[in-house]
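Understanding the architecture of this molecule
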Amino acid sequence: MRRGECAGWVLVTGAASGIGRATALAFARAGANLVLVDIDDRALQKACDEVLALGRDCATRVVNVADAKAMADLARWVRSEIRIPALDVLVNNAGIGYLGSFMDTPVEAWERVLQVNLMGVVNGCRAFLPDMVGAGGERRIVNVASLAGLVAAPNMSAYAAVKHAVVGLGESLCLELKLKGAQVGVTTVCPGIINTQITKARASVAASIGDAQYERLTAYYAKQGGRPDVVADAIVRGVRQRRELVLVGPFAAPLYYLRRCSRRLAQRLMLQDARRVGFV
Ligand code: NAI
């Protein structure tokens, strides 16, 4: 993969919905073939049909990214069935949300968010990075973190903590690969609020958040949220331009830079916003 190119084989996790599905289609439009991974088999097939309709090759695998062994098996499957020495781009996107105050976040929710949102990224990198480094040539890992991984909001301590970890993992790995002289780069993507299915699962909201407030939250996401295809286009552009940090979607860049200039002002805005959606 040379600068400006996005051809070859791209694997996207969480590809059945939202940002993952849009990213798969954006890479297909840019000339890439796709391996789509998710736990939702039916929606995965639909996404695959959309990629095939764009004239690209596409394969699907139902894999839970939190399962290290299943991810290692997936890497073996890619080698033997797709018959490529290594992926050109790996997009670790699969993720779940969790909204609720720290005291209302049970340990099971912490474990779920940690397993999917952090260990999913770790498992993806562990499974595919050795081949990507070994095969040589320019390749890239894209980790979808969040604006919450750079600027934390109240009532998402588990999600924000884990997304901060994804940002830290990306920074450290990126430096390590440079130190080794490897041609594999790392892009960390931090989207602001995006209107997808992520907030629509009741299991991703603390039980203490009542139905009325839950409806207010989903309405807020629907009204304020950016479009997944805008994130997808930013990811493809970020890969083409070898960007290490991609800030995209509502509030992402302004809040990131504001927080760097004035932590107090950024906090005031986060608190105002939390009060607007009914968190007191
Ligand atoms: P989504 O809910 O629309 O899509 C997530 C996909 O991941 C679904 O197809 C789901 O089945 C899949 N998935 C969930 N757990 C999985 C697992 N264990 N193994 C394999 N697949 C799994 O959500 P969205 O919004 O597209 O989220 C994608 C990524 O973007 C996540 O990492 C999320 O944290 C991140 N993000 C989302 C934002 C938003 O406001 N929607 C903002 C910032 C980051």
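My aim in this report is to walk through the structure given alongside it, one point at a time. Position numbers for residues count from 1 along each chain, tracking the sequence in the order it is written. Per-residue local features of the predicted model are confined to residues with pLDDT of at least 70, and side-chain atom pairs are confined, for both listing and counting, to 80 or more; whole-chain, interface and lining totals are unaffected and use all residues. The side-chain numbers reported here are obtained from all heavy atoms of the structure, hydrogens and water having been left aside.

1. Overview of the nonpolar core
Here is the rule: By nonpolar core is meant a set of buried Ala, Val, Leu, Ile, Met, Phe, Trp, Tyr and Cys residues that side-chain atoms within 4.5 Å join together. Remark: exposure states derive from per-residue accessible area (1.4 Å probe, protein chains only) relative to the maximum for the residue type, with buried under 20%, exposed over 50%, and partly exposed in between. Under the scheme used here, helices are H or I runs from DSSP no shorter than 4 residues and strands are E runs no shorter than 2 residues, and both carry numbers assigned from the N terminus. Residue contacts are defined here by distance: any two heavy atoms, one from each residue, within 4.5 Å place the two residues in contact.
With 52 residues, the main nonpolar core has L11, V78, I82, F128 and I141 as its most contacted residues. Among the elements of the structure, β1 (9–13), β2 (33–38), α3 (68–82), α4 (107–135), α5 (157–180), β6 (184–191), α8 (252–261) and α9 (263–276) are those that each provide at least two residues to this core. Of all the elements, α4 adds the most residues to this core, at eleven residues. With residues up to four places along the chain from it excluded, the contact list for I82 reads W9, V35, A59 and W77. Core analysis: the second largest hydrophobic core is formed by 34 residues, A24, F27, A28 and V231 among them.

2. What about the site of the ligand?
What counts, and what does not: One heavy atom within 4 Å of a molecule or strand makes the whole residue count as near it. Two N or O atoms form a polar contact when they lie within 3.5 Å of each other; inside protein one atom must be a possible hydrogen donor and the other a possible acceptor, and for residues adjacent in sequence the pair counts only when both atoms belong to side chains. Values of accessible area rely on a 1.4 Å probe in the Shrake-Rupley scheme; residue burial ignores everything except the protein chains shown. Basically, the charged four are Asp, Glu, Lys and Arg, the nonpolar ten are Ala, Val, Leu, Ile, Met, Phe, Trp, Tyr, Cys and Pro, and anything else, Gly included, counts as polar.
For the ligand, the set of nearby residues contains 28 residues, the closest of which are S17, D38, N64, Y159 and T196. Between I19 and the ligand, the recorded distance is 2.8 Å, taken from a backbone N or O atom to an oxygen atom. Measuring from an oxygen atom of the ligand, one finds a side-chain N or O atom of Y159 at 2.6 Å. In isolation the ligand has 840 Å² of accessible area, and contact with the protein removes 92% of it. Secondary-structure elements contributing two or more residues to the shell around the ligand are α1 (18–29) and α5. Of the residues contributing to the shell around the ligand, the split by class is 16 nonpolar, ten polar and two charged.

3. Quick word on the pairing of β6
Within a regular beta strand, the side chains point alternately toward one face of the sheet and then the other, so they alternate between its two faces. Basically, it comes down to this: We treat two strands as partners when DSSP finds at least two bridges between them. Viewed with both strands pointing away, a crossover whose connecting path from the first strand over the helix to the second turns clockwise is right-handed.
Judged by how many residues are buried, β6 sits mostly within the fold: eight of eight residues are covered. Summarising the sheet, strand β5 (residues 139–144) and β6 pair through six bridges and their orientation is parallel. Along β6, the bridge assignment pairs V142 with T187. Between the parallel pair β5 and β6, the chain is carried across by α5, and the sense of this crossover is right-handed.

4. Concerning α5
What counts, and what does not: Multiplying one less than the number of residues by 1.5 Å gives the expected span of a helix.
Counted at 1.5 Å a residue, the expected span for α5 with its 24 residues is 34 Å, and the 34 Å between its end C-alpha atoms agrees. When α5 is considered as a whole, its buried residues turn out to be A158, Y159, A160, V162, K163, V166, V167, G170, L173, C174 and L177. For α5, the secondary structure elements touched by its buried residues are α4, β5 and β6. Just downstream of α5, G181 is the residue with a positive phi angle, here 75°.

5. Re the packing of α1 against helix α2 (residues 41–53)
Note the threshold: Each axis is a line fitted through C-alpha atoms, and for a helix only the stretch in contact is used; angles between axes span 0 to 180 degrees, taken between their N-to-C directions. Working definition: roughly parallel below 35 degrees, roughly antiparallel above 145 degrees, roughly perpendicular at 65 to 115 degrees, and oblique for all remaining angles. Crossings are assigned a handedness: left-handed for a near helix turned anticlockwise from the far helix by less than a right angle, right-handed for a clockwise turn.
One way to put it is that α1 packs onto α2 with a least axis distance of 9 Å and a crossing angle of 15°. It follows from the interaxial angle that α1 and α2 lie roughly parallel. In this structure, α1 crosses over α2, and the sense of that crossing is right-handed. Each of R21, A24, L25 and A28 in α1 lies in contact with α2, whose residues at this interface are A47, E50 and V51.

6. Looking at empty space enclosed by the protein
For the record, the criterion: Method remark: on a 1 Å grid restricted to protein atoms, a set of points is classed as a cavity if a 1.4 Å probe fits but cannot get out and as a pocket if it is open with protein on both sides within 12 Å along at least five of seven lines; lining residues have an atom within 4 Å of a point. Grid points are joined across faces, edges and corners, and a volume is the space filled by probe spheres set on the points.
Counted according to the given criterion, the structure contains one cavity of 30 Å³ or more. Here the largest cavity is characterised by a volume of approximately 30 Å³. Every residue along the wall of the largest cavity is listed here: A75, V78, R79, I84, P85, A86, L87, F128 and D131. Among the secondary structure elements, those contributing two or more residues to the lining of the largest cavity are α3 and α4. Of all the elements, α3 adds the most residues to the lining of the largest cavity, at three residues. For the lining of the largest cavity, the per-class residue count stands at seven nonpolar, no polar and two charged.

7. Considering unusual backbone geometry
We note that R83 has phi near 60°; this positive angle belongs to a residue other than glycine. The exposure class assigned to R83 is exposed, which follows from its relative accessible area of 71%. Backbone geometry at N155 places phi at a positive 65°, although glycine is not the residue there.

8. Describing the environment of W9
In this structure, W9 sits in strand β1. Once the C-alpha coordinates of W9 and V35 are considered, the two residues, 26 residues apart in sequence, prove to be 7.4 Å apart.

In short, the description is geometric, and any link to function would need to be established separately.
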